[in-house]
Amino acid sequence: MSAYNFCIEIDSGSGFCFGVTTAIQKAEEELAKGNTLYCLGDIVHNGMECERLRQMGLITIDHQQMRELHGVKVLLRAHGEPPETYNLARQNHIEIIDATCPVVLQLQKRIKKQYEHVLANLQDTSASQIVIFGKKGHAEVLGLVGQTQSSAIVIESFDEVKKLDFSRDIYLYSQTTKSVDEFHRIIEYIQQHIAPTATFRSFDTICRNVANRMPNISAFATRHDLILFVCGRKSSNGRVLFNECKRVNPNTHLIEGPEEINRLWLENIKTIGICGATSTPKWLMEQCRDAILGL
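Predicted model only: the values in this text are computed from it and were never measured.

For the rest of this paragraph, the subject is the pairing of strand β4 (residues 73-76). Bridge analysis of strand β2 (residues 38-40) against β4 gives 2 bridges, and the strand direction is parallel. Its bridge partner being in β4, C39 is matched across the sheet by L75. Pairing analysis gives 4 bridges linking β4 to strand β5 (residues 95-98), with the strands arranged parallel. The residue of β5 that forms the bridge with K73 is E95.

Printed below as a string of structure tokens:
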């Protein structure tokens, strides 16, 4: 029994999104058959969940290692992949288990269609700019840029919008897990600066299942004296949600697991809220709760 006296609530809206849940289910189903299964990159940006699946037999590889494989099964995670990955799979007779999130897949198709439209009508991609609001080097963004033969421009934040050429056409898309508010700020800035002779079109491709977590997690964070945000530090979505919790409740701490809980945080606390990212498993948040109750 805990020596402390407080109430702990786990946020019911936190945890895996649909895309991550589907990818993990596909991996578990394949591994349950006793088959060897490779995953291209971490299946989810959470070290503990990756370790759980590794113990079940999932083998995580990078793109270079995939080039050396032949005649095996490789799972593509929810983030998606560029066309080059599928081409390599065909060349090496690799069976793809495609767990690309449907929202990401639709976005890839839209960007590819726009790029092909530019090629067909202008024969010169330099006459227009396909711009992606997203994190440079992120797996999803690499997959999106790959739809344009790497010609798309990636901007990570509002400050980077100024580097665009406003005399040329701009077609703006967003990584599915970026901030809606910042995306709209970028749109307004471009609208104010685009040349009269240039075309500007924006496409709101942010996943609403993820975006809606922002106001919900904000409300959750305001209800508690202490917030423990459980998340892998590589999670892009997690960083956005953590920053929102921190904004509304300065007594918010990011932890990857129960071993990072500091007893000093619990002093003079009446209520604790535990929440996480779309890459945070429910079982991990429950472990954090149980660790506190065991103190």
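For H93, which is not a glycine, the phi torsion comes out positive at approximately 55°. For H93, the location among the structural elements is in the loop between α4 (83-91) and β5. Phi at Q149 takes a positive value of approximately 55°, unusual for a residue other than glycine. When you line up the elements, Q149 lands in the loop between α6 (139-145) and β7 (153-155).

Here the focus is the nonpolar core. V161, L164, I170, L172, I186 and I190 are the most contacted members of the largest nonpolar core, which has 20 residues in total. Put simply, the parts of the chain that give this core at least two residues each are β6 (128-133), β8 (169-174) and α7 (180-193). Tallying contributions element by element places α7 first for this core, with 5 residues. Residues within four places of I170 in sequence aside, it is in contact with Q129, V131, L164, D165, I190, I194, T199, F200 and R201.

Read from one edge of the open sheet, 4 strands run β7-β6-β8-β9, paired in parallel fashion. Only two strands of the sheet have a single neighbouring strand rather than two, namely β7 and β9 (200-202). Taking the axes of each pair of neighbouring strands and ignoring which way they run, one obtains an average angle of 20° across the sheet. Bridging between β8 and β9 involves 3 bridges; their strand directions are parallel. Note on β9: the bridge partner recorded for I170 is F200. Set on the sheet, α7 makes contact with β6, β7, β8 and β9; between it and β8 the angle comes to about 175°.

Glancing now at the pairing of β8. For β8, the buried fraction is high: 6 of the 6 residues fall into the buried class. In this sheet, β8 lies alongside β6 in parallel orientation, the contact comprising 6 bridges. Bridge assignment links S128 to a residue of β8, and that residue is D169. As a crossover connection, the stretch from β8 through α7 into β9 is right-handed.

This part covers the pattern of salt bridges. Taken as a whole and judged by the stated rule, the model has 15 salt bridges. E28 is paired through a salt bridge with R52; the nearest N and O atoms lie 2.7 Å apart. Separated by 24 residues along the polypeptide, E28 in helix α1 (residues 18-32) and R52 in helix α2 (residues 47-56) bring together distant segments of the chain. Residue classification places E28 among the partly exposed residues on the basis of a relative accessible area of 25%. Relative accessible area serves as the criterion here: at 27%, R52 is assigned to the partly exposed category. Put simply, E28, E49 and R52 are held in one network by salt bridges that share partners.

Criteria and cut-off values
All residue numbers refer to positions counted from 1 along the written sequence of the respective chain. Given that the model is predicted, a residue must reach a pLDDT of at least 70 before its local features are reported, and side-chain atom pairs must reach 80 or more before they are shown or counted; all residues, however, enter totals for whole chains, interfaces and linings. Hydrogens are left out, water is left out, and the side-chain values use all remaining heavy atoms of the structure. Any two strands between which DSSP finds at least two bridges are classified as paired. Strands here are runs of E lasting at least two residues and helices are runs of H or I lasting at least four, both read from the DSSP assignment and numbered beginning at the N terminus. What we call a nonpolar core is a set of buried Ala, Val, Leu, Ile, Met, Phe, Trp, Tyr and Cys residues that are connected through their side-chain atoms within 4.5 Å. Any residue under 20% of the maximum accessible area for its type is buried, any over 50% is exposed, and the rest in between are partly exposed; the area is computed with a 1.4 Å probe on protein chains only. Residue contacts are defined here by distance: any two heavy atoms, one from each residue, within 4.5 Å place the two residues in contact. Each axis is a line fitted through C-alpha atoms, and for a helix only the stretch in contact is used; angles between axes span 0 to 180 degrees, taken between their N-to-C directions. With strands facing away from the observer, any crossover in which the path from the first strand over the helix to the second runs clockwise is taken as right-handed. Any carboxyl oxygen of Asp or Glu that lies within 4 Å of a side-chain nitrogen of Lys or Arg is treated as forming a salt bridge with it.

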